[in-house]
Amino acid sequence: HLTDPAPRSATDTVNRALRALPQVFLVLGPDLTGAYSQDGRTGFTQVQYRVPPGELGAADREALLKVPRAGREAGLKVEITGSALTEIPTTGRNEILGIGMALVVLSVTFGSAVAAVLPIVTALAGVLLGLWGITVATGFVDLSSTTPIIALMLGLAVGIDYTLLILSRYRHEIDQGCSAQRAAARATSTAGGTVVLAGATVVVALGGLSVIGIPVLTAMGVAAACTVALAVAIAITLLPALLGLARGRVLSSGNRRFQTRDLTTDRSNSVTLGLRWVLFVIRHRGPVLIVSVLLLGLASIPAASLRLGLPDAASAPVSSTQRQAYDMVTQGFGVGRNGSLMVVVDTPGRERALPVALGLASELERMDGAAAVAPPVVNSDGDTAVIMVTPETAPRSPGTRELVTRIRDQTDRSGDRAGARVRVTGGAAADSDVASRLTAALPIYLGVISLLALLLLMVVLRSVLVPVVAVAGFLLSVGATLGAVVAVFQWGWLSEFLGVEQPLPVVSILPTLLVGILFGLAMDYQVFLVARMLEERRHGCSPVDCVVAGFRHSARVVTAAALIMAGIFAGFVANDDLTIKSIGFALAFGVLVDALVVRMTIVPAVLAMAGSACWWFPHRLERLLSTARAAA
């Protein structure tokens, strides 16, 4: 029993060591709070720091982790949990894995070391500028520790892909007999315009995160959008300059030999794997479309079971001190003790909080779902009181969220009667609030960015059907990706392979962040494919022929871009932080599904079925846009 002389002495030693730590303001041991389990074998000490957790450094965390040593030497099992141990997610090997994958794909795609390195150089330049800007911004606004990592992975991915598109067009122009200087100019004017449009859709999607109304997501979206904008700017400015310096070295040896032999021969009609695939899709467009949509529909089924939650110690590795402390509290005090709710009573006058809090506490004790209600604690002025409520259920369970709702309904009535302000907070309450807010805002956000993208693509592509197909395909991709996330992280499929130690609710911000990022990337691939089809259409190709010709020119670029993006995102699955791991998995899976199934299978099948209807555009709107362009 912890109240026996030897365990009590060891506990006192641990508490004294805690009080001696820098920045520690208050230490409340179990003797003061009565925080002993029923069998007396488990107790906990509450520690309060003078500064917020984000201002604690590595030295503070290391000092805290050394404290349990005295208790362990005395035979006690001592573990630590709480926000003081929260570390900023680190990167390093993740980027190396992603860049390594990108180099392999680029080397295979271009057959030239210089051409493979150029996209890496330009992407890193954009990322470094973006991270520098984020660092400067932290001096003025608070940013989530996840923000620079999201900007990093997205900046690397789009930076490489945008350079890849322009570089591929440059090599195509060289194949057509253009000089290096003219090829760079034409590549920048054609593929560069496509990059600007693609980047604009990503920026719109990420900037749209501000409609959610959650500051953390807004800051994350703005930071990532700025990084993407930098990637676009570098792709259309720095890359042409580098192409001028590299000259013929960006071509493979085969290209250079071909160029010296005959610059007038057009090799664009060669039979490629992309050409074979699009011909197969068009030939069997009906069955291919049905099978593709059914597969994505089946993959979306698990998404109906989606549950959202904020990461806590339950999601930490089993071997970590945070997780072991969490499990000890659960075993000693029940599953709800890790999700205690704090009811705060604030009265307009002195010495008025206690009567209100006592009456409220007696009401809370009779409430369904409340396992225990602690006596109110009142401040020295008597105008503020705190009541701790322990739920019967786990912190992130539906039962705890229902209890939060019942307490708020009850406290609203009590506060109105007494003239007091009553609020409910705590980790479980915050989890419930964030999940509810994001769930309600997601359809609005999806509608806003879909509408903006439809208008943008209609204006640029001069088509009604193509943008509609693009957005509909995106919805299929999102459904399938969320289904995969639920199956892996919530149901536990392939969890051991991906390093997920136990099934948990999906991180609350993931669906919204996934929609924003994947939408922009999906529109990238749509623009990459359709812009070339539109170019061929304007040169007089028939509706089906322009689909074939545009696909033949773009398929290799889109495939390489998707593999590079997926490789970069997949590298972050190795991160120990559950939020980063789940976001990396979702984006890697979503990019592959959208590029390979939607853009390279469903889109050409639908466009081939629609024929000339896919390029229909209202004449009045066309005249209006032409007039506006002439006036500008």
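For the structure, check the block above.
Residues numbered from 1 in each chain as written. Predicted model: local features only at pLDDT ≥ 70, side-chain atom pairs only at ≥ 80, totals over all residues. Heavy atoms only, no water.

J.: A description of the environment of Asp412 should follow, citing residues and the corresponding values.
T.: In this structure, Asp412 sits in helix 15 (residues 398-418). Taking the C-alpha atoms as reference points, Asp412 and Glu622, separated by 210 residues in sequence, lie 56 Å from one another. (Helix = DSSP H or I, 4+ residues; strand = E, 2+ residues; numbered from the N terminus.)

J.: Just give me the short version of the side chain of Ser463, but keep the residues and values in it.
T.: Position of Ser463 among the secondary structure elements: in the loop between helix 16 (427-461) and helix 17 (465-490). Assessed through its relative accessible area of 0%, Ser463 is described here as buried. A polar side-chain atom of Ser463 sits 3.5 Å from the main-chain amide nitrogen of Leu465. Here Val466 takes part through its backbone nitrogen, which lies 3.2 Å from a polar atom of the side chain of Ser463. In contact with Ser463, not counting residues within four places along its chain, are Met458, Cys614, Trp615, Trp616 and Phe617. (Buried < 20%, exposed > 50% of the residue type's maximum accessible area, 1.4 Å probe, protein only. Polar contact = N/O pair within 3.5 Å; in protein donor to acceptor, adjacent residues only side chain to side chain. Contact = heavy atoms within 4.5 Å.)

J.: Quick one: what's the story with the pairing of strand 8 (residues 421-425), residue by residue and with numbers?
T.: Only one face of strand 8 is covered, namely the one carrying Val422 and Val424; the face carrying Arg421, Arg423 and Thr425 has none of its residues buried. Note that strand 4 (residues 341-346) and strand 8 share five bridges and pair antiparallel. Each bridged residue has a counterpart across the sheet, and for Val344 the counterpart in strand 8 is Arg423. (Pairing = 2+ DSSP bridges.)

J.: Hey, could you go over the packing of helix 7 (residues 147-175) against helix 20 (residues 543-571) for me, with residue numbers and the actual values?
T.: Viewed as axis vectors pointing N to C, helix 7 and helix 20 meet at an angle of 160°, and their least axial separation amounts to 9 Å. Between helix 7 and helix 20, the interaxial angle falls into the category roughly antiparallel. Pair helix 7 / helix 20 crosses with right-handed handedness. Together, Met153, Leu154, Leu156, Ala157, Val158, Ile160, Asp161, Leu164, Leu165, Ser168 and His172 of helix 7 and His553, Val557, Ala560, Ala561, Ile564, Met565, Ile568 and Phe569 of helix 20 make up the contact between the two elements. Split by residue class, the contact of helix 7 with helix 20 holds 15 nonpolar, three polar and one charged. (Axes fitted to C-alpha atoms, helices over the stretch in contact; angles between N-to-C directions. Parallel < 35°, antiparallel > 145°, perpendicular 65-115°, else oblique. Left-handed = near helix turned anticlockwise from the far one by under 90°. Nonpolar A, V, L, I, M, F, W, Y, C, P; charged D, E, K, R; others polar.)

J.: Describe the environment of Gly43, with residues and values.
T.: Locating Gly43 in the fold gives a position in the loop between helix 2 (30-33) and strand 2 (46-49). The spacing of Gly43 and His1 is 42 residues in sequence and 9.9 Å in space, taken between C-alpha atoms.

J.: Talk me through a nonpolar patch on the surface; I want residue IDs and the actual numbers.
T.: On the surface, a cluster of nonpolar side chains totalling about 370 Å² of accessible area is made up of Val204, Val211, Ile444, Val448 and Leu452. The exposure class assigned to Ile444 is exposed, which follows from its relative accessible area of 54%. (Patch = residues over 30% accessible without salt bridge, like charges linked within 9 Å, V, L, I, M, F, W, Y side chains within 5 Å. Areas by Shrake-Rupley, 256 points an atom, 1.4 Å probe, with all protein chains shown as cover. Salt bridge = Lys/Arg side-chain N within 4 Å of Asp/Glu carboxyl O.)

Just geometry here; none of it tells us what the structure is for.
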